[in-house]
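Next come the chains, spelled out residue by residue.
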Amino acid sequence: MEKNAPAPISPTEPIICRVTRWYFRRMSMMAGLLLVFGGLFLYDGLWGYPKAVAIAQKKEWFLKEYQPSFEAARKEGRMQQWVADAEARGLPIGVDGDLPRWNSYAAKNGWPEEPAHYSDHEIAEQFYFAYGCFALGLIPLGMMLRNRNKVLRGEADFWVTPEGVQIQYTDVHRVDKRKWEVKGLAYAWYGKEGAAPKRAVFDDLKFAGADKILDRLLSRFSGELIEKVSEAAPAESAPVESEK
């Protein structure tokens, strides 16, 4: 059994448009994404980059001091003592008398073979990026708090914007619907004759039911309506007569 279609709205019935769940979901996702990026930058500044620097310094020590100490011990005939000291410190001793290799030592500890050596400036940048992301993440949160109780209201002869501005339908002299189909946006220019025109926005993605108020406006509208015009199909070329 089919469901009954919703009853049409009376021309004098108030239309109340509240902020959509889509808007809050989008703002929440933006805030969450920025906060996650901020957390990643903060992690790199506090732990990630310093750990990479420590491994890079370890590699530098391994190549410049530890491996040469192996060569020196072999030349001086004190390999037994060198091996005992290395094992006591948990350091590699090489295989079959060969020189200890950094790649084997790094793999054993789960370190990269080519660790990055970040500068102090690069580490400090991670904190700047983190604070910037946290600050930007507060913007959509603030917008959600500011807009949570706003409504777009349509009455019989006027509508009230979310900012509380009351606009008579008869004061509107131009409506632009070119972005309506794609973005759910329409713009209305209004104002008394001789005054500078002002612009009001209909956002159907942000305010559920904004299309109904726009329809009510258009039913009372006699000004300039700008709509998206589809491209005309190319004219068919005239048939070419065959030569006799």
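**Quick look at the overall build of the protein**
The helix and strand tally for the protein stands at 6 helices and 8 strands. Reading the protein from its N end, one meets helices and strands in the order β-α-α-α-α-β-β-β-β-α-β-β-α-β. Here the analysis covers contacts within the protein between residues at least 6 apart in sequence; of these, 61% occur between residues at least 24 apart. If you sum the accessible surface of the protein, you get close to 17,000 Å²; carbon and sulfur atoms cover 55% of it.

**Considerations on the packing of aromatic side chains**
The description of an aromatic ring pair uses the distance of the two centres, along with the angle that the planes make with each other. Considering all chains together, one arrives at 17 aromatic pairs under this definition. Ring centres of F41 and F129 lie 5.2 Å apart, and the angle between their planes is 55°; this geometry places the pair in the tilted category. Separated by 88 residues along the polypeptide, F41 in helix α1 (residues 21–76) and F129 in helix α4 (residues 120–147) bring together distant segments of the chain. The exposure class of F129 is partly exposed, given its relative accessible area of 41%.

**Quick look at the sheet that holds strand β5 (residues 172–176)**
One open sheet accounts for 4 strands, arranged β7-β6-β5-β8; its pairing is mixed. The open sheet has two free edges, formed respectively by β7 (198–203) and β8 (224–226), since each of these has just one partner strand. Looking at each pair of strands side by side, their axes are set apart by 20° on average, direction ignored. Where β5 and β8 come together, 3 bridges link them in parallel fashion. Paired with R174 across the two strands is E224, which belongs to β8. Strands β5, β6 (185–190), β7 and β8 of the sheet are contacted by helix α6 (residues 210–219), whose axis makes an angle of about 135° with β7.

**Notes on the environment of E76**
Tracing the sequence through the fold places E76 in helix α1. A distance of 2.5 Å separates a polar atom in the side chain of E76 from a polar atom in the side chain of R78.

**Some thoughts on the environment of A31**
Residue position: A31 is located in helix α1. Judged by relative accessible area, which is 2%, A31 ranks as buried. With 109 residues separating them along the chain, A31 and P140 place their C-alpha atoms 5.8 Å apart. Contacts of A31, omitting those with residues within four sequence positions, involve G137, P140 and L141.

**Focus: the pairing of strand β2 (residues 151–154)**
The side-chain alternation of β2 yields one buried face, formed by L152 and G154, and one unburied face, formed by V151 and R153. Where strand β1 (residues 15–18) lies against β2, 4 bridges are found, and the strand directions are antiparallel. What sits directly across from I16, in β2, is R153. In textbook terms, the turn of a hairpin is the stretch between consecutive antiparallel strands, and for β2 and strand β3 (residues 158–160) this stretch comprises 3 residues.

**Details of the environment of D203**
Of note, D203 is situated in strand β7. If we ignore the near neighbours within four places in the chain, the residues touching D203 are G184, L185 and A210. Polar side-chain contacts of D203 include one of 3.2 Å to the backbone nitrogen of K206.

Procedures and definitions
Residues numbered from 1 in each chain as written. Predicted model: local features only at pLDDT ≥ 70, side-chain atom pairs only at ≥ 80, totals over all residues. Heavy atoms only, no water. Helix = DSSP H or I, 4+ residues; strand = E, 2+ residues; numbered from the N terminus. Contact = heavy atoms within 4.5 Å. Areas by Shrake-Rupley, 256 points an atom, 1.4 Å probe, with all protein chains shown as cover. Phe/Tyr/Trp six-rings, centres within 6.5 Å; stacked < 30°, edge-to-face > 60°. Buried < 20%, exposed > 50% of the residue type's maximum accessible area, 1.4 Å probe, protein only. Pairing = 2+ DSSP bridges. Axes fitted to C-alpha atoms, helices over the stretch in contact; angles between N-to-C directions. Polar contact = N/O pair within 3.5 Å; in protein donor to acceptor, adjacent residues only side chain to side chain.

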